[in-house]
Each structure stands twice: as structure tokens, then as C-alpha cells.
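# Examining the three-dimensional arrangement
The chain contents come next:
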Amino acid sequence: MLDVCLLGTAGMMPLPYRYLTSLMTRYNGSSLLTDCGEGTQVAIKKAGWSFHPIDIICFTHYHADHISGLPGLLLTMGNAERKEPLTLIGPKGLQRVVTALRVIAPELPFEVQCVEITGPEQEFCLHGYHIRAFMVRHNVLCYGYTIEIQRQGRFCVEQALQLHIPKNYWGVLQKGENVTYEGRVLTPDLVMGPPRKGIKLTYCTDTRPAPSLVKNAADSDLLICEGMYAEPEKLVKAKQYKHMTFYEAAQVAKEAQVQELWLTHFSPSLIHAEQYMPKVREIFPNAHLGKDGKMVEMNFTEE
């Protein structure tokens, strides 16, 4: 089970009713934050979630509306007496940016580990999350992220019995570890079925439509994607500033064959976003307007 909370949906500047961009997920006692705009701490509190389990923060890029909330969050986590290391993932320059921001948060009781993405795509496996970063098309270096909770195959009891594997080794094999027994090396594939469908979430802001986005979002259970502009006449502006319209995001969702689309990162000038959704749903029917605090519990599907 993966809990998902869209903390903030505003783009460029915070508004009284919309915090800046941030997404939080929870899995197996560990939380992952993607982007940390101004107001993220308040949004976490408003959602009723906790700062303490945050083990990973991923950054799409270093425009202020995506990272300006970091120093305050670090201080709050430090004041809560956190001791465990915190991993930050982001584009090239992460260490330099974080070092600069930490001028106002210099002393922390935990280690901050900065991991810079080194290519067009890169994968990370941390705290049960399988994270893939992929480059998109913004006016600065920017990445989207897929977050997957992978699911191993079923344990085959019949096969284990046929191979005369003692039951005290079954759990070890289920964990993916080899076992040596009576001179034989027993590997998990002897008793484990093929991997089952896991949970896949894709998150992307600040980009034009890109093949890398369609490719990496393919078959996602949920795509959370920017739609900076909803007014059709603002397509020219979207192209100029390297953003997407609602309709382009819907087309990406359609091409990627995702299950559901949430739109986020709206322009502060966009007031009545809901009135544009009928046209969006003509392109991708299962499209929804993202709202601050919007939550979903994503569960494994039985096959």
C-alpha cells in the first residue's frame, strides 16, 4: 500500500488557498517528499502527516517554487531530534544549492546526503522505493520521477516440497537470498513465481511534452503532471516558458496509457480551473484537478 498526498499545487508563487509544489508518499513506515516549495511544512501539518519519517527528498529542479521550503523543513526535522540520515536526490548542482540554502540551517543533528543525477535517466532503490529519474524539457535542467513499489512473485509451496527444501529456509528464499543446503546452492527462482504487478506513480512538473515523459509514465497507476495553463489561447506562452497546458498533459496521459491523471502546478492567474475539465476529459476521461491535500491510498491489485 502506498499513501499519496498532493501537498501543494500552485506554480510560481504561493496563494492563500494554494501552497507551492510538493508531493508526499508513505510506504512501510518511510516517507518520500518530491519537491519542497514554500509552505510545504504547513501543508504537511494540514494533511495530518508527520515530518519525522521523511527519509528521501527528490527535487525536479532548482527554481525557488520547488525548493525554497527546504531550509525550514530541515530545521523542523532537526528540532524534532531526528538522528537518521536524510537522502536528497536532484539534478547536477544539488550539493552546491543545498550548501547555499543551509547557510540559514547550518547545524543539524542528522547527516544530509546529496545524490546528484548523472545522466538522462537514473535509478535508485531506497527504503523500499524504486525511484527512476528521467530528464524532461524545461528551460533549466529538470527531471520527472517514477516511484514504484515492486512486488515479488508468489512462493510456490509445492515446488519447495518437491525439491525437499526444509521449511526453515523458505523465508530466506522469499527475501531473495541464496541458501546452501547439503552441498546445493538454492536460489530464490527455484521457488518464487514471476514478479507480480506492483504500484507505479509518476510525477512531473515544469516541462513541455516529451518522449521521456510518455515512456517513463507508461502504464502508471497514477500520473501527477503539470498543467500550467488551461486557457487554450495560452499555448504560445506555454511553449515560450517550457510548460504544458491541461490538454497537452491529458494527451501525455492518453499516450502513456496511465490509469488516472491529476493535474497540478497551475498558474497563479488560473482561477476557475474546474470549468476547463470537460474539454480535458474529452482527451483523457479519467483526468482530475489536483487540489492541495488531495490524497489516495494505492493498493496492490490481485491477479
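Quick note: structure is the one above.
Read on for an overview of the structure. Since we're looking at a predicted model, the values are computed, not measured.

Scoring rules and cut-offs
- Residues numbered from 1 in each chain as written.
- Predicted model: local features only at pLDDT ≥ 70, side-chain atom pairs only at ≥ 80, totals over all residues.
- Heavy atoms only, no water.
- Buried < 20%, exposed > 50% of the residue type's maximum accessible area, 1.4 Å probe, protein only.
- Helix = DSSP H or I, 4+ residues; strand = E, 2+ residues; numbered from the N terminus.
- Pairing = 2+ DSSP bridges.
- Right-handed = clockwise from strand over helix to strand, strands pointing away.
- 1 Å grid on protein atoms, 1.4 Å probe; cavity = no way out; pocket = protein on both sides within 12 Å on 5 of 7 lines; lining within 4 Å.
- Points joined across faces, edges and corners; volume = space filled by probe spheres on them.
- Nonpolar A, V, L, I, M, F, W, Y, C, P; charged D, E, K, R; others polar.
- Axes fitted to C-alpha atoms, helices over the stretch in contact; angles between N-to-C directions.
- Contact = heavy atoms within 4.5 Å.

## Quick word on the pairing of strand 4 (residues 54–58)
In terms of burial, strand 4 is largely enclosed, as five of its five residues are buried. Bridging between strand 3 (residues 30–34) and strand 4 involves four bridges; their strand directions are parallel. Residue Ser31 lies in a different strand from strand 4, and its bridge partner there is Ile54. In this region the chain leaves strand 3, passes through helix 1 (residues 40–47) and returns to the parallel neighbour strand 4; the handedness of that crossover is right-handed. For strand 4 and strand 5 (residues 86–90), the ladder comprises three bridges, and the chain directions are parallel. Bridge pairing links Ile57 to Leu88 in strand 5.

## Observations concerning the layout of surface pockets
Approximately 160 Å³ is the volume found for the largest pocket. Around the largest pocket, the lining comprises 14 residues; the ones closest to its centre are Glu148, Arg196, Lys197, Gly198 and Ile199. Only strand 9 (143–151) and strand 12 (196–204) provide two or more residues apiece to the lining of the largest pocket. Top contributing element to the lining of the largest pocket by residue count: strand 12, with five residues. Split into classes, the residues belonging to the lining of the largest pocket amount to four nonpolar, three polar and seven charged.

## Describing the sheet that holds strand 7 (residues 121–126)
Pairing in this open sheet of seven strands is mixed, and the strands run 7-8-9-12-13-14-15 from one edge to the other. Of all strands in the sheet, those bounded by a partner on one side alone are strand 7 and strand 15 (287–289). Between one strand axis and the next, the sheet turns by 20° as a mean value, whatever way the strands run. With four bridges connecting them, strand 13 (residues 222–226) and strand 14 (residues 261–264) associate as parallel partners. Opposite Leu223, over in strand 14, you have Leu261 as the bridge partner. With respect to the sheet, helix 9 (residues 246–256) is in contact with strand 13, strand 14 and strand 15, its orientation differing from that of strand 14 by roughly 150°.

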